[in-house]
Amino acid sequence: MSARAVGVRIENLTKSFGDKVALRDVSLDMAPGTFTVLLGPSGSGKTTLLRCLAGIERPTSGAITLGEQLVVGPRAFVTPDKRHLAMVFQDYALWPHLTVARNVGFPLEGTELNKADRVAKVTNLLTRVGIERLADRYPNELSGGEQQRVALARALAADVGLLLFDEPLSNLDADRREGLRIEIATLARETGATVVYITHDQAEAFALADVVGVLNHGVVEQWATPEVVYQAPASPFVARFTGLAGEVPVRVLSESGGRARVQCLLATPYEIDDCPTRAVAGSEATLFVRPSAVTLNEASFSDGLPAIVEDSAFIGRGYEHVVTIDATCRLTKIFSRRRFPRGSEVRITFDPSGVYVMKDE
Amino acid sequence: MNLQKKIPPRAHRIKWSGMVLWLILGFLVIIPVTVFLFAAVSPRFLRVGPQWFTLHSIGEAFTGYTGRGIMDSLLVSTTVGILATSAATTLAWLVHRTTLYGARIIGGMMWVLLLIPTWMMTIGWTNLIMPGELATAFGLNTVHLYHAFYGPAGIILILTTAALPFCYFVISAGLRGLGSEFEDAARVHGAGLRRTLTTVLPIIAPALLSAFAIAFAESISDFGVAFTLGANTHFPMATFTLFNAITANPANFSVAAVIAAVLILCTVPPIMLQSRVTRGRSYAVLGARTRSVRRYSFTPVRRIVVSVATFAVLIVLTILPLVASIATSFTRTISFETRTGIHWSTLSYHNIFSPPPSIMSLGSGLWMSNQLGVYVASGTVVLAYVLARRLASTRGGASQRIADVFLLGSVAVPGVVLGVGYILFYNQAIIANHVISLYQTMPLLVMGLIASAAPGQSRLLIGPVSQIQSSMAESARVHGAGRWRTWRTASLPLLSRTLTWAWVLTFTKTISELAVAQMLLVPGHEPVSVIIETTLGTVFAPIGSAATVMVLAEMLGVIIVVLGVYRIVTPKGWRRIGEVGSLR
């Protein structure tokens, strides 16, 4: 693979459908060769953004530059076929009347490669994605996973500098998702191309991304590495969408250098020190708790908030628990190697590195 | 319990539904037509000639005038098939995939076009461009155009215009179910507009081939143009030479039967082609996950140019001949413009309901035709749907292929052949005296009209039916729905619009149908088409025009009522399938 990665610059991009605004003044800068994941719920505008990059949608205003080429601007709009990119569609979009080999070879037709070279390249690609035996089949004769591999091979065929993925794993079962996710990551990175990948699954996003962009209502709420998004979410929405055990109301007792000492506003007074924060001392705020930040202890443990185990579920390497504090505050997905029975009393403690204090919206 | 024991295979069941279907088809089409075709080699069997066995008629049919008629028909039908399919594809794409101005009106114009029978369209064009008629009144010299019209060009023009709406509706149904992701995928992977079209259009190959097959079969079996234009231009068409053979004195049923057989056989290659392209592959693209399509945006200037050009062509094809007919119906002179000017009058409209005593009034015929329309349209839609499902099934074997070949062949059975077949079969003494006496009864006329309409309608329906993903019905079944509820909740909503259009189409075609109606009519209960052609139309040209205009208006009224009722009684979701515009 010899793709020359291109940088992607998006400036003040807005896209409206009638009076509905799908993207609102979005600006992003993606370095060549990065694997960017756009994360957001349905209707957040991530698909629209991807389709604007592909040239399938024409933005209402703003600019997009791919490498040195301005593809969208006040006086410019480059059609999809002139953008030198490839895309894996959510529904695969394989042409049903073409064989697997012809679907994969589609981007190569009309290039300077001769037929023998094209055939060799298609065979090589099919081998790489593990479906060389299916070359003469038609899409309707393939499973969902096989169809997705064909779509992946087609996207890799043209050696483009920008690869777009539109929720490629959303139609697959869990086993296949995991396997194919690794393959996509490996193959896409091997090409050296810049990758823009959209998903609504935060685990998938964190596993794949060099940079994550979290979208909400057409606005990019955070643009950072997965680690930063996880440890310092830019907004309550980002915190919630990227996985929380729960939320606890707190008062900020003191704050210094972005670290705070907070008191939980629950029946049992409890203080947590050294929490990362954007709230000011004396204010009321919310403690956003990641599942990994909570530890379950025996009821006899000297420290921690008293809680009741509401549910426990075996997940192979241990148990996931749901607990309630004061019958009003619930924390979920709390892992422990040992099982705490339903209804039992426990004490919970918090690791400050897995919590974040900020004002709720 | 011995779990090693093999689960026994499903008990073999006799497929009664299939048997009943073939029995119906047998009495509707297969037996009467086969009996007629048998006359080609054994005229004595049907008492229409002296020989028990002869091949002489075959040689005779392929020589001279009749031979030329067969070649002319093949040439014209192939040309019409290609032209109509290409034009309909372009039009459907403009309407469903671009921001063309007035796109919604085009569907209505197609219906107007569909309403006009070919014989009426020929009269309309004649009223328009014949020297002394409407064009002359506008100062246009149309002598050359008129001479060109009376030749192959005119025949191809009329038949292409007549086939255009059939093709348009079939291809539109295909395009509606086709999400834009296939186009997007092609564009993103480097295809320009032309390559995108050549990549995506084959996905609706079933619809395209259906359109070609219908246009070809409709043209090769058309009698109206062959009779009006072909006969006057020394460009004989097979249906006209067939008619000549039957009406000659003495009648030559054997040669007519050979021509009929050739017409039917000519339709086999298109169906074979369709079968070859579609077999073993799934073109099912209409399902729950199908996304709304995105329209191609023209630049403002191009949008205006394309819209104006499209409507100009459609107005010339649809409105002008219609206007010419309407204008003629409001005159009281032989030609539109006379030396003393144009003489407007509504007298013709009065005369069609109060004609001279020896002439039949339009009123009773109109009532009879509407009754026939309801019976025939209802029966045809049910039969055509069952056939379309059978043809669309991927599990079908030899039975499906036979049905497929049979159906397309049936489309090509000219009405006049069906009529002769019915008379020869149902009027045989052994049938009439010992089985059932149907000759010159309303049920036989209804049967003949259903037989004439069902094959074409089933081919129209096969496109939409084959695009419904099997998962739609499967999901209903696994969620506890029986066969009927599955059909009602999973298939009917997706097909309701198509079935409604099929009903309306059959209704209107039944009212304007002439060949079968004329041969199988019940004396004293003549349908409107027969009254216009054989009595009212022969009195005075403006009276005939007034009668046809009145019938057209009535048919239009019925369409508006039926579609209005459809809109009121169907849930909103049924009508949103394939609609455009969604926020992703």
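Everything below is about the structure shown above.
In this text the structure is predicted, and so the values were computed from the model without any measurement. Residue numbering note: each chain is counted from 1, following its sequence as written. Lettering for chains starts from A, numbering for ligands starts from 1, and both go in the order in which the items are written. Local features in this predicted model are restricted to residues whose pLDDT is 70 or higher, and side-chain atom pairs enter the listing and the counts only when it is 80 or higher, whereas totals over whole chains, interfaces and linings include all residues. Side-chain metrics in this entry use all non-hydrogen atoms of the structure; hydrogen atoms and water are not considered.

Colleague: Can you break down the interface of chain B and chain A residue by residue, with the values?
Modeller: Note on definitions: a residue-residue contact is assigned when non-hydrogen atoms from the two residues lie within 4.5 Å. Contact residues are listed per partner, giving 24 residues for chain B and 33 residues for chain A. Between chain B and chain A the total buried area reaches about 2,700 Å² when both faces are included, carbon and sulfur atoms providing 58% of it. Salt bridges are defined as contacts in which a side-chain nitrogen from Lys or Arg sits within 4 Å of a carboxyl oxygen from Asp or Glu. In this assembly, chain B and chain A are joined by three salt bridges. The shortest N-O distance in the salt bridge between Arg-187 of chain B and Asp-81 of chain A comes to 2.8 Å. For the purposes of these results, a polar contact is taken to be a pair of N or O atoms within 3.5 Å, where, inside protein, one atom must be able to donate a hydrogen and its partner to accept one; residues adjacent in sequence count only when each atom of the pair is a side-chain atom. There are six residue pairs in polar contact (both at pLDDT 80 or more) connecting chain B and chain A. In short, buried area is how much 1.4 Å probe accessible area vanishes from two parts on joining, totalled over both.

Colleague: I'd like a description of the packing of aromatic side chains, backed by residues and values.
Modeller: Classification of ring pairs uses Phe, Tyr and Trp, with its six-membered ring standing for Trp, and accepts pairs whose centres are within 6.5 Å; under 30 degrees between planes counts as stacked, over 60 as edge-to-face, and the remaining range as tilted. A complete count under the given rule lists 18 aromatic pairs over all chains for this structure. Ring centres of Phe-212 of chain B and Phe-216 of chain B lie 6.0 Å apart, and the angle between their planes is 25°; on these two criteria the pair is classed as stacked. Pair noted here: Phe-212 of chain B and Phe-216 of chain B are both in helix α11 (residues 205-221), with a separation of four residues, about one helical turn. Only when the NZ of Lys or the CZ of Arg is both within 6 Å of the ring centre and within 35 degrees of the ring normal is a charge said to sit over the ring. Arg-338 of chain A extends its terminal NZ or CZ atom over the ring of Phe-340 of chain A, reaching a point 4.1 Å from the ring centre. Secondary structure is summarised from DSSP: a helix means a run of H or I of at least four residues, a strand means a run of E of at least two, and numbering begins at the N terminus for each.

Colleague: With reference to specific residues and values, describe the sheet that holds strand β11 (residues 219-224) of chain A.
Modeller: All names here are of chain A. Strand pairing is assigned whenever DSSP identifies at least 2 bridges connecting the two strands. Across the sheet, which stays open at both edges, the six strands sit in the order β7-β8-β9-β3-β10-β11 with mixed pairing between neighbours. At either margin of the open sheet sits one strand with a lone partner, and together these are β7 (85-88) and β11. Taking each pair of neighbouring strands and ignoring which way they run, the sheet shows an average axis angle of 15°. When strand β3 (residues 35-39) meets strand β10 (residues 211-216), the two strands line up parallel, connected through four bridges. Looking across to β10, one finds that Val-37 is bridged to Val-212. Structural elements are reduced to axes, namely lines fitted to C-alpha atoms, with helices fitted over the stretch in contact, and the angle between N-to-C directions of any two is expressed from 0 to 180 degrees. Sheet strands in contact with helix α5 (residues 174-191) are β3, β8 (162-166) and β9 (194-199), and its direction is about 160° off that of β8.

Colleague: Could you give me a rundown of a nonpolar patch on the surface, with the residues and numbers involved?
Modeller: Patch construction takes residues with relative accessible area above 30% that form no salt bridge. Like charges are linked within 9 Å, and nonpolar side chains (Val, Leu, Ile, Met, Phe, Trp, Tyr) are linked within 5 Å. Computed with the Shrake-Rupley method and a 1.4 Å probe, the accessible areas treat only the protein chains shown as cover for residues. Taken together, the side chains of Phe-38, Phe-45, Trp-52, Phe-53, Leu-55, Ile-58 and Phe-62 of chain B present a nonpolar region at the surface, about 780 Å² in accessible area. Topologically, Leu-55 of chain B is positioned in the loop between α1 (16-38) and α2 (56-61).

Colleague: Can you explain unusual backbone geometry? Please cite residues and give values.
Modeller: Residues and elements named next belong to chain A. Despite not being glycine, Asp-25 has its phi angle at roughly 55°, a positive value. If you trace the backbone, Asp-25 turns up in strand β2 (residues 20-30). Buried means the residue's accessible area, taken with a 1.4 Å probe over protein chains only, is under 20% of the maximum for its type, while exposed means over 50%, and partly exposed covers the values in between. Residue class for Asp-25 comes out partly exposed when judged on its relative accessible area of 48%. A positive phi angle is found at Asp-159, which is not glycine, with a value near 50°.

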